[in-house]
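# A structural walkthrough
Residue-level listing of the chains:
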Amino acid sequence: MHPAGDWAADLDLLVGAARLAGAKALEFFRKGPEVWWKNGGRSPVSAADFAANDILKTELLGARPNYGWLSEETDDDAARLGCETVFVIDPIDGTRAFIAGKDIWCVSAAVVHGGRPVAGVLFAPALDELFTASASGSVLKNSAPIAVTGPDDTRAMRVAAPEDMVRDIDRRRIGDMSRIAHVPSLAYRLAMVADGRIDATLVKRNSHDWDLAAADIILAQAGGALVSLDGEPLVYNRPAVSHDTLCAAGLSRLPALVEAARDLSDH
């Protein structure tokens, strides 16, 4: 039991494990790691993903053996559904970018309790950036506070989203939009909303718990939210771990964005 919902110790644990996993991944970065293809040849996974996953599992479950485990690179075990508290992990979010030698990839690690993230870490080793947040503390990027943007009628809203979603969104609800170039890590893209570099993002259907959980609490503690097209927060650690179309923005921008995106459910 965590007194008064204090998740600081779990956050410290995530930070230490993510730093170790990120350092291990860097040993493979731009060195042609072995790559395999999964999901019918649609998704790459590298030797670095597996090495980072091994470190995270050892460090985290070694310290919290009673927690459940959900990771992109571990075969799913339904035992997690019987755990109130679960680690939700993507050892490398942005594997395609990693394999291509691009800097935007990160270790994503979260603690989910009662279906919602309560501590989260995104560590981007190639950029030397560390995002941290917990339900009982502040949200930081490299130890400095961050926050989402507020409304600004003097410029177009900066949105990171696939071209077809930007094309089909209802502009009457949100006014001018400026599309941000593709960000290869979904978790990092959400962190860019949290730290104010962009105003919002749209997420295509079939993202997964491990892509989202850590970034979700970072965004929430920075004054934003990640929601479904019904405007509802996500529930994690369900039997099915994929999600439908999603929106993310600061709370002041979110209602209009959700209204504008209502017809994007088939994306």
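Here the structure is shown first, and the text comes after it.
We now turn to the structure provided with this report. Values in this document were obtained by computation on a predicted structure and should not be read as measured data. (Residues numbered from 1 in each chain as written. Predicted model: local features only at pLDDT ≥ 70, side-chain atom pairs only at ≥ 80, totals over all residues. Heavy atoms only, no water.)

## Details of the overall build of the chain
Helix and strand content of the chain: eight helices and 16 strands. Taking 18 Å as the expected radius of gyration for a compact globule of 267 residues, we find that the chain reaches 18 Å, a close match to that expectation. Once the C-alpha set of the chain is aligned to its principal axes, its extents read approximately 50 × 45 × 35 Å. Counting the 267 residues in the chain, one finds 54% classified as buried. (Helix = DSSP H or I, 4+ residues; strand = E, 2+ residues; numbered from the N terminus. Rg over C-alpha atoms; globule rule 2.2 N^0.38 Å. Buried < 20%, exposed > 50% of the residue type's maximum accessible area, 1.4 Å probe, protein only.)

## Observations regarding helix α8 (residues 254–261)
Because an α-helix completes one turn every 3.6 residues, residues spaced three or four positions apart along the sequence face the same direction. Considered for burial, the residues of α8 that qualify are Leu254, Leu257, Val258, Ala260 and Ala261. Take α8 and look down its axis: the buried residues cluster within an arc of 165 degrees, on one side only. Lining the buried residues of α8 we find β10 (157–160), α5 (171–174), β12 (200–203), β14 (224–228) and β16 (246–250). (Arc of directions from axis to C-beta. Contact = heavy atoms within 4.5 Å.)

## Observations regarding the environment of tryptophan 69
Locating tryptophan 69 in the fold gives a position in strand β3 (residues 68–71). Judged by relative accessible area, tryptophan 69 falls into the buried class, the value being 9%. C-alpha of tryptophan 69 to C-alpha of serine 108: the two residues are 39 residues apart in sequence and 14 Å apart in space. Among the polar contacts made by the side chain of tryptophan 69, one reaches the side chain of threonine 74 at a distance of 3.1 Å. (Polar contact = N/O pair within 3.5 Å; in protein donor to acceptor, adjacent residues only side chain to side chain.)

## Comments concerning the side chain of serine 108
Mapped onto the secondary structure, serine 108 falls in strand β5 (residues 106–113). Ignoring any residue separated from it by four or fewer positions in sequence, one finds serine 108 in contact with Val88, Ile89, Asp90, Val121, Leu122, Trp210 and Ala214.

## Topic: the packing of aromatic side chains
On inspection of all chains with the given rule, the structure shows seven aromatic pairs. Between tyrosine 67 and phenylalanine 87 the ring centres are 5.0 Å apart and the planes differ by 45 degrees, which places this aromatic pair in the tilted class. Remark: phenylalanine 87 occurs in strand β4 (residues 85–93) and tyrosine 67 occurs in the loop between α2 (47–63) and β3; sequence separation between them is 20 residues. A relative accessible area of 9% means that tyrosine 67 is categorised as buried. Measuring from centroid to centroid gives 4.8 Å for phenylalanine 98 and tryptophan 105, while their planes differ by 85 degrees, and the two rings are edge-to-face. Taken individually, phenylalanine 98 and tryptophan 105 each receive the classification buried, so the pair is uniform in this respect. Taking NZ or CZ as reference, arginine 19 lies 5.2 Å from the ring centre of phenylalanine 123, over its face. (Phe/Tyr/Trp six-rings, centres within 6.5 Å; stacked < 30°, edge-to-face > 60°. Lys NZ or Arg CZ within 6 Å of the ring centre and 35° of its normal.)

## Digging into helix α7 (residues 209–221)
End to end, α7 covers 18 Å across 13 residues, agreeing with the expected 18 Å (1.5 Å per residue, within 8%). The principal kink in α7, of about 30 degrees, is found at alanine 215. Of all 13 residues making up α7, 11 are buried, and the element is well covered by its neighbours. Along α7, the positions that sit buried rather than exposed are Asp209, Trp210, Asp211, Leu212, Ala213, Ala214, Ala215, Asp216, Ile217, Ile218 and Leu219. (Expected span 1.5 Å × (residues − 1). Bend = angle between axes of the 7 residues up to and from the residue.)

## A few points about the sheet that holds β14
The strand order β11-β10-β12-β16-β14 describes an open sheet built from five strands, whose pairing is mixed. Each edge of the sheet is formed by a strand with only one pairing partner; in this case those strands are β11 (177–180) and β14. Pairs of neighbouring strands in the sheet enclose a mean axial angle of 25 degrees, with direction left out of account. As judged from the five bridges shared by β14 and β16, these two strands associate in the antiparallel manner. Bridge pairing links leucine 226 to alanine 248 in β16. Strands in contact with α8 are β10, β12, β14 and β16; relative to β16, the strand with the most contacts, it is inclined by about 155 degrees. (Pairing = 2+ DSSP bridges. Axes fitted to C-alpha atoms, helices over the stretch in contact; angles between N-to-C directions.)

## A few points about the pattern of salt bridges
Under the defined criterion, the tally for this structure stands at 18 salt bridges. Close ionic contact of arginine 158 with aspartate 199 constitutes a salt bridge, the shortest N to O distance being 3.1 Å. A residue pair is termed long-range when its members are at least 10 positions apart, and arginine 158 in strand β10 and aspartate 199 in the loop between α6 (186–194) and β12 qualify at 41 residues. On the basis of relative accessible area, arginine 158 is assigned to the partly exposed category, the value being 22%. (Salt bridge = Lys/Arg side-chain N within 4 Å of Asp/Glu carboxyl O.)

## Re unusual backbone geometry
Although it is not a glycine, arginine 30 adopts a positive phi angle of roughly 60 degrees. With relative accessibility at 55%, the residue arginine 30 sits in the exposed group. Of note in this structure, asparagine 142 is not a glycine but carries a positive phi near 50 degrees. Within the secondary structure, asparagine 142 is located in the loop between β8 (139–141) and β9 (144–145).

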